[in-house]
Amino acid sequence: MSRKGEQSREHILGSARALVMEKGFAGTSIDDILRRAGVSKGAFFHHFASKAELARALVRWHAGQDLEMFRTLAARAEATHDDPYDQLLMFLQGFESYISNPEQPSRGCMYAVYTYENAQFDEEVRGIVTEVLRDWTAIYIRKFQEVLDVHPPRIEVSARQLAELAVSIIEGALVLQRAYGKPDMTARQSRHFREYLALLFDRPARAAVA
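Residues numbered from 1 in each chain as written. Predicted model: local features only at pLDDT ≥ 70, side-chain atom pairs only at ≥ 80, totals over all residues. Heavy atoms only, no water.

Visitor: Explain the UniProt feature "DNA-binding region" (unreviewed entry) in the chain residue by residue, including any values.
Guide: Here the UniProt-annotated "DNA-binding region" (unreviewed entry) positions come out as residues 29-48. With 75% helix and 0% strand, the stretch residues 29-48 has end C-alpha atoms that lie 14 Å from each other. (UniProt positions renumbered as here; feature names shortened; annotations may be inferred. Helix = DSSP H or I, 4+ residues; strand = E, 2+ residues; numbered from the N terminus.)

Set out below in structure tokens:
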């Protein structure tokens, strides 16, 4: 695909994402996307044969951006700190800055939308959402295991349990953030989670200054 074609495809996906986060997938029609993106039906169907194909492309595109963000935050923390606990805290603090960016306020969670409306999607799309959440959790599992290998916790807990707790906190906070209209909700809950980690590992709640 040419660079211009890729830009056109991403523009349509970005417009679709904004609408889906506002109205849900079922409430978003192809005509809505055409109006938001300012493109013709021909341009849309050049990239997506159907709304179902758009659903697959949209969640993969969105997930790719999310996972790249998490991997970038992890790599930056690992390049800055030697101690895995400080790496973990910097990773979490980086996510808090990202999710509370006033220039790009979060409208909720795409995976939650797809999960709540799973009857709208085929098995392939549902499988993509499950795979993405597992990949996201795996990043957290790795970071927590690195901490547990060096710093014994005050109570018995596994890396998977901590990772699933972190993902659950973020997902729940994103729902509340949307419901309450409080853009700082997710970052605030992540900060509380860091305070829990400080108690669990008897360490500070913020990363050491590098």
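Visitor: Explain the environment of Val-167 residue by residue, including any values.
Guide: As for its position among the elements, Val-167 is in helix H8 (residues 159-180). Relative accessible area serves as the criterion here: at 9%, Val-167 is assigned to the buried category. Note: C-alpha distance between Val-167 and Ser-190 (23 residues apart in sequence) is 10.0 Å. Leave out the neighbours within four places in its chain, and Val-167 touches Trp-136, Thr-137 and Tyr-140. (Buried < 20%, exposed > 50% of the residue type's maximum accessible area, 1.4 Å probe, protein only. Contact = heavy atoms within 4.5 Å.)

Visitor: Please set out the pattern of salt bridges residue by residue, giving values where relevant.
Guide: Applying the stated rule across the entire model yields 14 salt bridges. Across the pair Arg-36 and Glu-22 runs a salt bridge, and its minimum N-O distance is 3.1 Å. Here Arg-36, found in helix H2 (residues 30-37), pairs with Glu-22, found in helix H1 (residues 3-23); they are 14 residues apart in sequence, far enough to count as distant. Looking at Glu-22, the relative accessible area reads 38%, which means it is partly exposed. What you see here is one network of salt bridges that share partners, running through Glu-78, Arg-142, Lys-143 and Glu-146. (Salt bridge = Lys/Arg side-chain N within 4 Å of Asp/Glu carboxyl O.)

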